[in-house]
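Survey of secondary and tertiary structure
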Amino acid sequence: MKFDVVTIFPAMVNAGLAEGVVGRARDRGLLDIGVHNLRDFTTDRHHVVDDVPFGGGPGMVMKPEPFFAAMEAIISRRGRPQAVVVLSPAGRRFSQDEARRLADCGHVALLCGRYEGIDERVRERWATDEVSIGDYVLSGGELPGLVVIDAVARLVPGVVGDEQSVEGDSFGRGLLDYPHYTRPAEYAGLRVPEVLTSGHHGEIRRWRRQQALRRTLERRPDLLDTAALDEDEREWLREWSARRARTE
Ligand code: 4HQ
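Let me sum up the structure you'll find in this document. (Residues numbered from 1 in each chain as written. Predicted model: local features only at pLDDT ≥ 70, side-chain atom pairs only at ≥ 80, totals over all residues. Heavy atoms only, no water.)

A few points about the overall build of the chain
A tally of regular secondary structure across the chain gives ten helices and nine strands. If you line up the chain on its principal axes, its C-alpha atoms span 70 × 45 × 35 Å. For the chain, the residues scored as buried account for 41% of the 248 residues in total. Relative to all contacts within the chain whose residues are 6 or more apart in sequence, the contacts with residues 24 or more apart total 73%. Total accessible area on the chain is roughly 14700 Å²; 49% of this is exposed by carbon and sulfur atoms. Of the side-chain charges in the chain, 35 are positive and 40 negative, and the distance between the mean point of each set is 3 Å. (Helix = DSSP H or I, 4+ residues; strand = E, 2+ residues; numbered from the N terminus. Buried < 20%, exposed > 50% of the residue type's maximum accessible area, 1.4 Å probe, protein only. Contact = heavy atoms within 4.5 Å. Areas by Shrake-Rupley, 256 points an atom, 1.4 Å probe, with all protein chains shown as cover. Lys, Arg positive; Asp, Glu negative; His and termini not counted. Charge placed at Lys NZ, Arg CZ, Asp CG, Glu CD.)

Regarding the pairing of strand β1 (residues 2-7)
Burial within β1 is extensive, with five of its six residues counted as buried. Looking at chain direction, β1 and strand β2 (residues 32-37) are connected through six bridges and run parallel. Within the sheet, the bridge partner assigned to Thr-7 lies in β2 and is Asn-37. Of the pairings in the sheet, the one linking β1 to strand β6 (residues 107-111) comprises five bridges and is parallel in character. (Pairing = 2+ DSSP bridges.)

What to know about the state of the cysteines
Considering all chains together, one arrives at zero disulfides under this definition. Between Cys-105, a cysteine without a disulfide, and Cys-112, which holds the nearest cysteine sulfur, the sulfur-to-sulfur distance is 17 Å. By relative accessible area, Cys-105 is classed as buried at 14%. A relative accessible area of 1% means that Cys-112 is categorised as buried. (Disulfide = S-S within 2.5 Å.)

Brief notes about the sheet that holds β2
Pairing in this open sheet of five strands is parallel, and the strands run β2-β1-β6-β5-β7 from one edge to the other. Of all strands in the sheet, those bounded by a partner on one side alone are β2 and β7 (129-132). Strand-to-strand twist of the sheet, defined as the mean angle between neighbouring strand axes without regard to direction, takes the value 30°. Docked against the sheet, helix α4 (residues 96-103) engages β5 (83-93), β6 and β7, running at close to 170° with respect to β5. (Axes fitted to C-alpha atoms, helices over the stretch in contact; angles between N-to-C directions.)

Section: the site of the ligand
Taken together, 17 residues are adjacent to the ligand, and Ser-88, Ile-133, Gly-134, Tyr-136 and Leu-138 come closest. Interatomic distance of 3.0 Å between a backbone N/O atom of Tyr-136 and a nitrogen atom of the ligand. Measuring from an oxygen atom of the ligand, one finds a backbone N or O atom of Leu-138 at 3.0 Å. Contact with the protein chains covers 94% of the free accessible surface of the ligand, which is 360 Å². Looking at the shell around the ligand, the elements with two or more residues in it are β5 and β7. The element contributing the most residues to the shell around the ligand is β5, with three residues. Considering only residue class, the shell around the ligand consists of nine nonpolar, seven polar and one charged. (Near = heavy atom within 4 Å. Polar contact = N/O pair within 3.5 Å; in protein donor to acceptor, adjacent residues only side chain to side chain. Nonpolar A, V, L, I, M, F, W, Y, C, P; charged D, E, K, R; others polar.)

Below is the structure:
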């Protein structure tokens, strides 16, 4: 899978891509990630990337020309990306579904803005998608770009060692994950649930499915509207809500 990132802080983006699962996949050649310094695409002596907003108002706006030049260079050197994503709080909310869609694209470019944002004509000409990672204001699109790359890269076959862990992940099935424990079996007076040390693998699987469902019901009931539940899980939900009704 190929990514191209356009940013005024390439060192920040490269640092975020150097470690862990993504860093390893990059070393192994499973991910081909180009990080491009926007200032390399300026033509003035001082490599200026921003300017005052037309119409007045506070802050600075990122100039269109360097982004246009960067996109032309990416297309000629690395091919035309199937998706060009602008990171912005005004975008569609990023989600696991969105990550799956981008993973199917094969080549994704990410445009990271700073200051008040990027000249709207960059979006008009180049963007296929405008994406937000959540309702809070950051100082730039670099961290959101890293978030998108991380979530998409994990879906590329081979990037995460154990494919099973990707499907079983929180959101692999649209539910929250079950709780995890490791040794020692008792620590600081806290015991690991007995079923997990029992060796009854059928019971363990059932307990984990119930825990995942319970937590989702308690913490993120909204996810149950779209989760892919099987007949057991529907039945457990009915049991729990009947018990609640009785004890209320
Ligand atoms: N910004 N999700 C402003 C974000 C953001 C977000 C990125 C701040 C773009 C110009 N991006 N710059 N939240 O807050 O994606």
